[in-house]
Amino acid sequence: MSTTATYTHTKLFKLENGKKLRKLEIAYQTYGKLNAKKDNVIWVCHALTANADVLDWWKGLFGNNDLFNPEEHFIICANVLGSNYGTTNPLSINPVTGQPYYLAFPEFTIRDLVAAHRLLASYLGIQHLKVLIGGSLGGQQALEWAITDSKSVDNLILVATNAVHSPWGIAFNESQRLAISTDRTFYAQQPDGGLKGLKAARSIALLSYRTYEAYSATQLESVNDKTGSFRAASYQNYQGEKLCKRFNAYSYWYLSKAMDSHNVGRSRKSIVDALALVKANTLVIGIENDVLFPLCEQEFLAKHIPGAALKSISSAYGHDGFLIETDILTNIIGTFLKESANKKIIKLHKTA
Ligand SMILES: CC(=O)SCCNC(=O)CCNC(=O)[C@H](O)C(C)(C)COP(=O)(O)OP(=O)(O)OC[C@H]1O[C@@H](n2cnc3c(N)ncnc32)[C@H](O)[C@@H]1OP(=O)(O)O
Ligand SMILES: N[C@@H](CCO)C(=O)O
């Protein structure tokens, strides 16, 4: 059973920077049924350009015959604040002006994304998450959630993510925003504003999501006499255009800034102290070939989150491997969850 719905929060939604949204709508999807004990919730936080339909974009890990399946679990995925798949975003109508926000949309942080989804959880009567999982920007949210509300998460699974967004990651994001800002239509504030810039931004981003090996494997020329019209160039154009058909430059702009804001140490004692607040059984998965969120970032997470396990995988896809290597992820996560359940049983026996 799958449900697509929208939750409307009618009270003011206060952002970390003090600005307020008068109205917040959150689009979400659920699959399966909440059991009587309310202990089968799998909450998924999505990455930069995905949406609430996790059975669509994380097939192989989420699906009827997959590790996370609606038969056994109550799976919830909500579209993040700022994204254009149904949740309030820069193209939404600003209730104050009656016009779309565009660049008048307030800036927001990863903590704001989490605060919004915790409101949804509360509305759905969910107090406890069996599993909280996310990759990349989704992992940043999952981590913040597990720090902010540490008692509510049993098992935390962080894939290809970090504790603080790196200077390298911020530089990639800024380069993408520079590409968007060179497109003058961005400032015309219209639904298709900045699309040429967005195309270039996605092309830049892809270089950080993939690897030399992936391009060599898929884009190598079969003939030696070419001096132009290369496959790799066509691929960059195609991928940029593909994103423009389903996203908008304003959402992309704001979400990339939210990613830059990620720092679990902000307004807390330190990054290390913040990580020590996590109480969930934690599995951190890194991708050895990830250029954007290199393995040292997951090693850092696993070192400072109490009792965390670290696994690394190899994927020629690099960072995007977290969306593609679902067989390996199923294996690692499945084993981790079995061990975690066994530990729980042993603990119950000891305290009985
Ligand atoms: C409505 C929706 O789409 S929902 C949102 C879906 N997206 C998300 O959820 C975000 C997360 N997902 C992703 O980022 C991506 O889908 C990934 C990383 C999982 C996979 O990326 P893909 O682009 O599908 O894979 P890949 O890099 O192999 O590219 C394949 C595409 O490039 C095309 N392509 C490959 N080489 C070339 C080339 N030289 N020139 C032109 N096109 C090329 C292929 O024909 C294929 O096109 P298609 O997507 O129209 O079928
Ligand atoms: N490919 C991902 C971003 C990388 O985390 C997306 O488009 O959401």
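Residues numbered from 1 in each chain as written. Chains lettered and ligands numbered in written order. Predicted model: local features only at pLDDT ≥ 70, side-chain atom pairs only at ≥ 80, totals over all residues. Heavy atoms only, no water.

A. Quick peek at the sheet that holds strand E1 (residues 2-9). Here we have eight strands laid out as an open sheet, ordered E1-E4-E6-E5-E7-E8-E9-E10, and mixed in their pairing. Pairing within the sheet leaves two strands with one partner each, and these edge strands are E1 and strand E10 (309-313). The mean angle between the axes of side-by-side strands here comes to 20°, regardless of whether they run parallel or antiparallel. The pairing of strand E8 (residues 153-159) with strand E9 (residues 281-287) spans five bridges and is classified as parallel. Across the sheet, Ile-157 pairs through a bridge with Leu-283, a residue of E9. Where helix H2 (residues 110-123) meets the sheet, its contacts fall on E1, strand E4 (24-31), strand E5 (41-45) and strand E6 (74-78), and the angle it forms with E4 comes to roughly 60°. Running over the sheet, helix H3 (residues 137-148) touches E5, strand E7 (129-135) and E8 and is turned about 145° from E7. (Pairing = 2+ DSSP bridges. Helix = DSSP H or I, 4+ residues; strand = E, 2+ residues; numbered from the N terminus. Axes fitted to C-alpha atoms, helices over the stretch in contact; angles between N-to-C directions. Contact = heavy atoms within 4.5 Å.)

B. Highlighting the packing of helix H4 (residues 167-181) against helix H5 (residues 195-209). For the pair H4 and H5, interaxial distance at closest approach is 7 Å and the crossing angle is 160°. Taken together, the axes of H4 and H5 lie roughly antiparallel to each other. Crossing angle aside, the handedness with which H4 passes H5 is right-handed. Residues Phe-172, Ser-175, Gln-176, Ala-179 and Ile-180 of H4 touch H5, and the partners they reach there are Gly-197, Leu-198, Ala-200, Ala-201, Ile-204, Ala-205 and Ser-208. Residues belonging to the contact of H4 with H5 are distributed by class as follows: eight nonpolar, four polar and no charged. (Parallel < 35°, antiparallel > 145°, perpendicular 65-115°, else oblique. Left-handed = near helix turned anticlockwise from the far one by under 90°. Nonpolar A, V, L, I, M, F, W, Y, C, P; charged D, E, K, R; others polar.)

C. How the structure looks around the side chain of Gln-140. Structurally, Gln-140 can be placed in helix H3. Polar contacts involving the side chain of Gln-140 include one to the side chain of Asn-162, which spans 2.9 Å. Within the structure, Gln-140 has its side chain in polar contact with the side chain of His-165 (distance 3.3 Å). Ignoring any residue separated from it by four or fewer positions in sequence, one finds Gln-140 in contact with Ile-110, Thr-161, Asn-162, His-165, Met-259, His-262 and Phe-293. (Polar contact = N/O pair within 3.5 Å; in protein donor to acceptor, adjacent residues only side chain to side chain.)

D. How the structure looks around the UniProt feature "active site" (unreviewed entry) in the protein chain. Under the feature "active site" (unreviewed entry), the UniProt entry names Ser-136, Asp-290 and His-319. In terms of the greatest pairwise C-alpha distance, the residues named above, spread along 184 residues, form a tight cluster of at most 10.8 Å across. When you line up the elements, Ser-136 lands in the loop between E7 and H3. Contacts of Ser-136, omitting those with residues within four sequence positions, involve Ala-47, Val-159, Ala-160, Thr-161, Met-259, Phe-293, His-319 and Phe-322. Overall, the relative accessible area of 5% leaves Asp-290 in the buried class. (UniProt positions renumbered as here; feature names shortened; annotations may be inferred. Buried < 20%, exposed > 50% of the residue type's maximum accessible area, 1.4 Å probe, protein only.)

E. Representation of the site of ligand 2. What surrounds ligand 2 is the set Ala-47, Leu-48, Thr-49, Ala-50, Ser-136, Arg-202, Tyr-209, His-319, Asp-320, Phe-322 and Leu-323. The side chain of Arg-202 places a nitrogen or oxygen atom 3.0 Å from an oxygen atom of ligand 2. When isolated, ligand 2 has an accessible area of 260 Å², and the protein chains bury 94% of it. Looking at the shell around ligand 2, the elements that each hand over two or more residues are H5 and helix H11 (321-324). The class makeup of the residues in the shell around ligand 2 is six nonpolar, three polar and two charged. (Near = heavy atom within 4 Å. Areas by Shrake-Rupley, 256 points an atom, 1.4 Å probe, with all protein chains shown as cover.)

F. Spotlight on the site of ligand 1. Around ligand 1, 16 residues are found, and the nearest of them are Arg-210, Ser-234, Tyr-235, Tyr-238 and Lys-242. Between a nitrogen atom of ligand 1 and a side-chain N or O atom of Gln-219, the distance comes to 2.8 Å. For ligand 1, whose unbound accessible area comes to 1000 Å², protein coverage reaches 61%. Considering every element that reaches the shell around ligand 1, the biggest residue donor is helix H7 (residues 231-244), with six residues. Across the shell around ligand 1, the residue classes tally to five nonpolar, five polar and six charged.

G. Just the packing of aromatic side chains, in detail. For the coordinates displayed, the defined rule picks out 18 aromatic pairs. Centroid distance Phe-247 to Tyr-252: 6.3 Å. Interplanar angle 90°. Geometry classified as edge-to-face. Just as Phe-247 is buried, Tyr-252 falls in that class too. Clustering of aromatic rings is evident, with ring pairs tying together Trp-57, Trp-58, Phe-62, Phe-68 and Phe-322. (Phe/Tyr/Trp six-rings, centres within 6.5 Å; stacked < 30°, edge-to-face > 60°.)

H. Region of the structure containing the UniProt feature "domain: AB hydrolase-1" (unreviewed entry) in the protein chain. Those residues carrying the UniProt feature "domain: AB hydrolase-1" (unreviewed entry) are residues 41-323 in this numbering. Secondary structure content for residues 41-323 is 40% helix and 13% strand, while the C-alpha to C-alpha distance between its ends is 21 Å.

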